[in-house]
Amino acid sequence: MTNKVKGNIAIIGIGEHPTGMFPDKPASELFYYAVREAIKDAGISKDEIDAIIVEPCLADRWFNTDLIWSRTVDEIGVGGRCKVNVQVHSGGSTSSNSIRMALGLILSGQAETVLVAHVEKLGAGPLSAEEVNRIFSTVGIYEEWEAPYGLNYNVLGAFMTQRYMYETGTTIEEVASVIVSLRKWAALNPNALLRRPLTVEEVLKAKMVAYPLTSRMCNIVTDSAHAYIVTSARRAEKTVKTPVYLLGIGGIVTHFSFMKADITRFGWKKAGEEAFKQAGIKCGDVDVVELYDSYPVVPLIQLEELGFCERGKAGRFVYEGHTWPGGKLPMTTDGGSLCRGHSGAGGCAHVVEAARQLMGKAGERQVKNAKIAIATNVGGQYMDAQVMVFGSEIP
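Below is a summary of the structure that appears in this document. (Residues numbered from 1 in each chain as written. Predicted model: local features only at pLDDT ≥ 70, side-chain atom pairs only at ≥ 80, totals over all residues. Heavy atoms only, no water.)

Reading across the sheet, the nine strands line up as β3-β2-β4-β7-β1-β8-β11-β10-β9 and stay open at both edges, with mixed pairing between neighbours. In the strand order of this sheet, the two ends are held by β3 (84–87) and β9 (288–290), each with one partner. Taken pair by pair, the neighbouring strands of this sheet meet at an average axis angle of 20 degrees, ignoring direction. Pairing between strand β4 (residues 113–121) and strand β7 (residues 223–232): nine bridges, direction antiparallel. Within the sheet, the bridge partner assigned to Thr-113 lies in β7 and is Thr-231. In this fold helix α10 (residues 268–279) packs onto β8 (244–253), β10 (372–377) and β11 (384–391), with an angle of close to 150 degrees to the strand it touches most, β8. (Pairing = 2+ DSSP bridges. Helix = DSSP H or I, 4+ residues; strand = E, 2+ residues; numbered from the N terminus. Axes fitted to C-alpha atoms, helices over the stretch in contact; angles between N-to-C directions. Contact = heavy atoms within 4.5 Å.)

Shown next as structure tokens:
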């Protein structure tokens, strides 16, 4: 099959609203803040946008429907010029599929400049804490067999963690060190929610939620918004100094129900091999990894399955500080879902941070000479594995 991914499209602008709890701000305010910042960062006119891809806002049904029905076209003033307004939704893996759709629109000539944007108000939005919990306890499960009893995602995280520790010999201290690493990055990110550095001991002494996960090993749902602008590589090179090229994207959908999954591996190996082959790179070429991190065990599984660490060695790798600022393999450099704050379905934040690092716009947390970055997404009950490779150059 001909590789039509590598170097054909590029991100030229990024935008972000800080992550936190904003009870006085509606979803629309956060969303259009991020959109405005992305357009400004790209240095283009909003009139150049001819396709809009919106990602799901779980907490605000009304605004989510507005997004589907082209409110953004009116708000940014591209009515009569914009050809496409569509929502993409595959849970936490949405942004990888948004990139795929943008790639298809641009390569087919259906669009030239695509806006991708996501907002969430799970932290201080219109839903009560009980209603938010209901969302995550009734989705992605069999209506006939599991829905009557509900589901708690923290229990899934605990299942994965216990099984992974059993199979690999990884210690709970090593698992907890993922939070230590992420907090170090979040401390450098003014847009992150949880910025105070933690020790392994502090992580483990926190309130037990679902053994062996303490409260500091579980994510906090928040309010946030992210956006980015994608165009053809040719146009990107004429528009900005440092385009961020899509070099490869690999994915595999492995299951619907968690009980059918290999919960210490999932599909990361196959997805990673596909993405790396398209990009023409090896693990040693990667400068920064923006790994999906709903629970601390999830990045450890990815580090091993993607080939950065041997099986059972990722925990020690993180514990020894190799993923910290200044380490061998900077990991999830904005603090991720566990420290920046979980932004709901989408995964848009991981793409934005990968682009930010490659553009050299990450401020205190900038990874020196970053040229190749990967970003990962996963949706549902870890139903799929999605790996994107980005570069500031085309190798």
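Still more to cover.
The next subject is the pairing of strand β2 (residues 51–54). Of the two faces of β2, both are covered, the one formed by Ala-51 and Ile-53 as well as the one formed by Ile-52 and Val-54. When β2 meets β3, the two strands line up parallel, connected through four bridges. Across the sheet, residue Ile-53 finds its bridge partner in β3, namely Val-86. The pairing of β2 with β4 spans four bridges and is parallel. From the neighbouring strand, Ala-51 faces β4, where its bridge partner is Val-114. (Buried < 20%, exposed > 50% of the residue type's maximum accessible area, 1.4 Å probe, protein only.)

Once that is clear, we can look at the pattern of salt bridges. If you walk through the whole model with that rule in mind, you get 20 salt bridges. With a closest N to O distance of 1.8 Å, Arg-235 and Glu-48 form a salt bridge. You can see Arg-235 sitting in helix α9 (residues 233–239) and its partner Glu-48 sitting in the loop between α1 (27–42) and β2, a full 187 residues away along the chain. We classify Glu-48 as partly exposed; its relative accessible area is 30%. Across the pair Arg-265 and Glu-305 runs a salt bridge whose closest N-O atoms are separated by 3.2 Å. Residue Arg-265 is located in the loop between β8 and α10, and its partner Glu-305 is located in helix α11 (residues 297–305); the two are separated by 40 residues in the primary sequence. (Salt bridge = Lys/Arg side-chain N within 4 Å of Asp/Glu carboxyl O.)

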